[in-house]
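# Architecture and fold: a report
The primary structure of each chain is shown beneath.
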Amino acid sequence: MGLEELDGLALEPLRVRLAPEKVAEYVAATGDDEKRWQEYAPPSYAGAILFMAAPLLLDREDVRQYTKVLVHVDQRFAWHEPLEIGTDLLLAGSVTKVRSRGASTFVTFEVAVDSPQGRVLDSVSTFLMGEEPAAEPGPDPGEPAAGLRGPSEPPPKPGSEQLGPMAKSASRIDLVRYAGASGDFNPIHYDHEAARGAGLDGIVVHGLLMGAWISQLAAAASTRPDPLTELRLRFRNALRPGVATEVTAASGETVEAVQRIDLAVTAADVDLVTATAHARVG
């Protein structure tokens with residue numbers, strides 16, 4: 001079958017629990033504020049929730065052949081309630097759009113997350129999938145040293161008026177830790193040959209790890225346990241492990257105690273991820 005036949009597919013709902021040990025592992029792996037996230041998970045934990053549901057699609061026998069090339073193109077999260085640790089959640093995943101372009105296919109995957117009290121989170125992902133890479137990789141740069149990492153700073157204190165810039169970087173070891181904490185085991189993030197087979201020069205940092213850095217900076221604008229209402233991420237260029245980046249934020253207008261913040265992760269003046277967040281500042 002082709003991926004087009006997945007359009008409209010509703011997956012079996014999955015029940016999960018926001019386990020304190022898993023949230024703590026995730027907070028440590030992303031370099032977030034461990035003191036802040038004791039009773040609630042950070043908003044970026046939405047990425048880990050996404051990858052609790054995504055394997056129900058990506059590990060299907062009729063889909064697996066199309067995951068040789070698997071690239072996260074963009075992501076939207078909308079939070080309706082705080083992610084309270086210990087809460088039982090119901091995850092309902094579905095494929096809502098499939099469109100092909102040449103040898104590659106764009107698949108829109110949505111996850112609705114509910115607690116016994118109602119809707120907690122909505123996630124909308126676009127994955128680029130295919131059996132063959134769109135281009136050949138460049139010259140093999142080899143693998144960087146496992147522990148090589150540039151400067152990395154913790155996020156500002158909650159309620160900060162000055163957001164960034166914030167230095168962030170990830171080593172190959174960091175990527176393995178993040179994979180374990182988030183459930184995102186795409187081999188392009190830890191297997192050099194698999195990454196080159198997908199058309200990349202070598203392994204690359206998870207897009208949602210860079211998204212977590214962005215979320216940390218945006219969440220620092222608020223003191224609430226549910227600091228963000230929405231985050232839209234666009235993954236523009238790949239980041240190699242060990243490379244220094246800068247996370248920047250520009251505050252926009254505030255409407256009804258919700259502030260718009262435009263953010264980016266850049267390296268050597270190249271945008272890697274751009275984003276728009278809306279933070280609860282009232």
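Rules behind the numbers
Residues numbered from 1 in each chain as written. Predicted model: local features only at pLDDT ≥ 70, side-chain atom pairs only at ≥ 80, totals over all residues. Heavy atoms only, no water. Phe/Tyr/Trp six-rings, centres within 6.5 Å; stacked < 30°, edge-to-face > 60°. Helix = DSSP H or I, 4+ residues; strand = E, 2+ residues; numbered from the N terminus. Buried < 20%, exposed > 50% of the residue type's maximum accessible area, 1.4 Å probe, protein only. Lys NZ or Arg CZ within 6 Å of the ring centre and 35° of its normal. Core = buried A, V, L, I, M, F, W, Y, C linked by side-chain atoms within 4.5 Å. Contact = heavy atoms within 4.5 Å.

With that out of the way, let us pick up the packing of aromatic side chains. Counting across every chain of the model gives three aromatic pairs. Summarising the aromatic geometry, the rings of Y26 and Y45 are spaced 5.1 Å apart at their centres and angled 90° between planes, so their arrangement reads as edge-to-face. In this pair, Y26 sits in helix α1 (residues 20–30) while Y45 sits in the loop between α1 and α2 (46–53), placing the two residues 19 residues apart along the sequence. Neither Y26 nor Y45 differs from the other in exposure class; each is buried. Note on Y26 and Y178: the rings are 6.1 Å apart at their centroids and 50° apart in plane angle, and the pair reads as tilted. Of this pair, Y26 sits in helix α1 while Y178 sits in helix α4 (residues 172–182), and the two are 152 residues apart along the sequence. Residue class for Y26 comes out buried when judged on its relative accessible area of 0%. Taken together, Y26, Y45 and Y178 form an aromatic cluster joined through their ring pairs. Positioned over the ring face of F106 is R99, at 4.5 Å from the centre of the ring.

Below, the discussion takes up the nonpolar core. Of all hydrophobic cores here, the largest spans 72 residues; its most connected members are Y45, I49, F109, M129 and I214. Ranked by the residues each element gives to this core, the list is headed by helix α6 (residues 207–219), at eight residues. Residues within four places of I49 in sequence aside, it is in contact with L18, L83, L89, L91, V113 and L121. Counting residues in each nonpolar core, the second largest holds five residues, with I188, A198, I203 and V204 among its members.

Any link to function would need more than the numbers given here.
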